[in-house]
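Close look at the chain arrangement
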Amino acid sequence: MEKIAPLLKSIPVVLASSSPRRIRMLREFGLDPIVVKPGCSEDICTNLLPHQLVMALSLRKNLCVGNMPESNYMTDAASGFLIISSDTIVSYKGQVLEK
């Protein structure tokens, strides 16, 4: 991350999460993300493996924020921006224990 952080300072970074931990991590790398709570469903699809579930939920959050009108989270008109999204689950032996 420290290698790409300087490059990211030239474009707005949108964090599709209101997680204090994720916000802090990005700020530690010198970024000042625009924080947007995705507001989409995080229902668990039980037929996915844990790593597939994390990717699916992360993608859902990214698409949710990406499909919002830019005026909802952008203060200045920008030609482009990067949306960062992620998710966390707890699993044991391939079974999702909690979201």
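Before any of the text, the structure's been laid out above.
Read on for a plain summary of the structure. (Residues numbered from 1 in each chain as written. Predicted model: local features only at pLDDT ≥ 70, side-chain atom pairs only at ≥ 80, totals over all residues. Heavy atoms only, no water.)

Concerning a nonpolar patch on the surface
The criterion, for reference: Grouping into patches uses exposed residues only, defined as over 30% relative accessible area, and leaves out salt-bridged ones; the cut-off is 9 Å for like charges and 5 Å for nonpolar side chains (Val, Leu, Ile, Met, Phe, Trp, Tyr). The accessible surface values rely on the Shrake-Rupley method and a 1.4 Å probe; as for residues, cover is taken only from the protein chains in view. A pairing counts as a salt bridge when a side-chain nitrogen of Lys or Arg comes within 4 Å of a carboxyl oxygen of Asp or Glu. The helix count covers DSSP runs of H or I at least four residues long, the strand count covers runs of E at least two residues long, and both are numbered beginning at the N terminus.
A cluster of nonpolar residues, Val 90, Tyr 92 and Leu 97, forms a patch on the protein surface that exposes about 310 Å² of accessible area. Tracing the chain through its elements places Leu 97 in strand S5 (residues 95–98).

Some details on the sheet that holds strand S1 (residues 13–15)
This is how the line gets drawn: At least two DSSP bridges between two strands are required for those strands to pair.
Spatial strand order, S2-S1-S3: 3 strands in an open sheet with parallel pairing. Each end of this open sheet is capped by a strand with a single partner; those strands are strand S2 (34–35) and strand S3 (82–84). Here 3 bridges tie S1 to S3, and the two strands are oriented parallel to one another. Paired with Val 14 across the strands is Ile 83, a residue of S3.

Here we look at unusual backbone geometry
Most peptide bonds take the trans configuration, and most residues that are not glycine carry a negative phi. Threshold: Remark: exposure states derive from per-residue accessible area (1.4 Å probe, protein chains only) relative to the maximum for the residue type, with buried under 20%, exposed over 50%, and partly exposed in between.
Here Lys 93, not a glycine, exhibits a phi torsion of approximately 50°, which is positive. Residue classification places Lys 93 among the exposed positions, given a relative accessible area of 72%.

A look at the pattern of salt bridges
Here the structure, examined in full by the defined rule, presents 4 salt bridges. Here Asp 32 and Arg 27 are joined by a salt bridge, their closest N and O atoms 3.6 Å apart. Asp 32 sits in the exposed class, given a relative accessible area of 61%. Judged by relative accessible area, Arg 27 falls into the partly exposed class, the value being 47%.

Details of helix H3 (residues 50–66)
Inclusion rule: Residue count minus one, scaled by 1.5 Å, sets the expected span of a helix. The contact criterion used throughout is that any non-hydrogen atoms of two residues lie within 4.5 Å.
The end-to-end C-alpha distance of H3 is 24 Å, a good match for the 24 Å that 17 residues give at a rise of 1.5 Å each. Residues of H3 that are buried in the fold lie against S1, S3, strand S4 (90–92) and S5.

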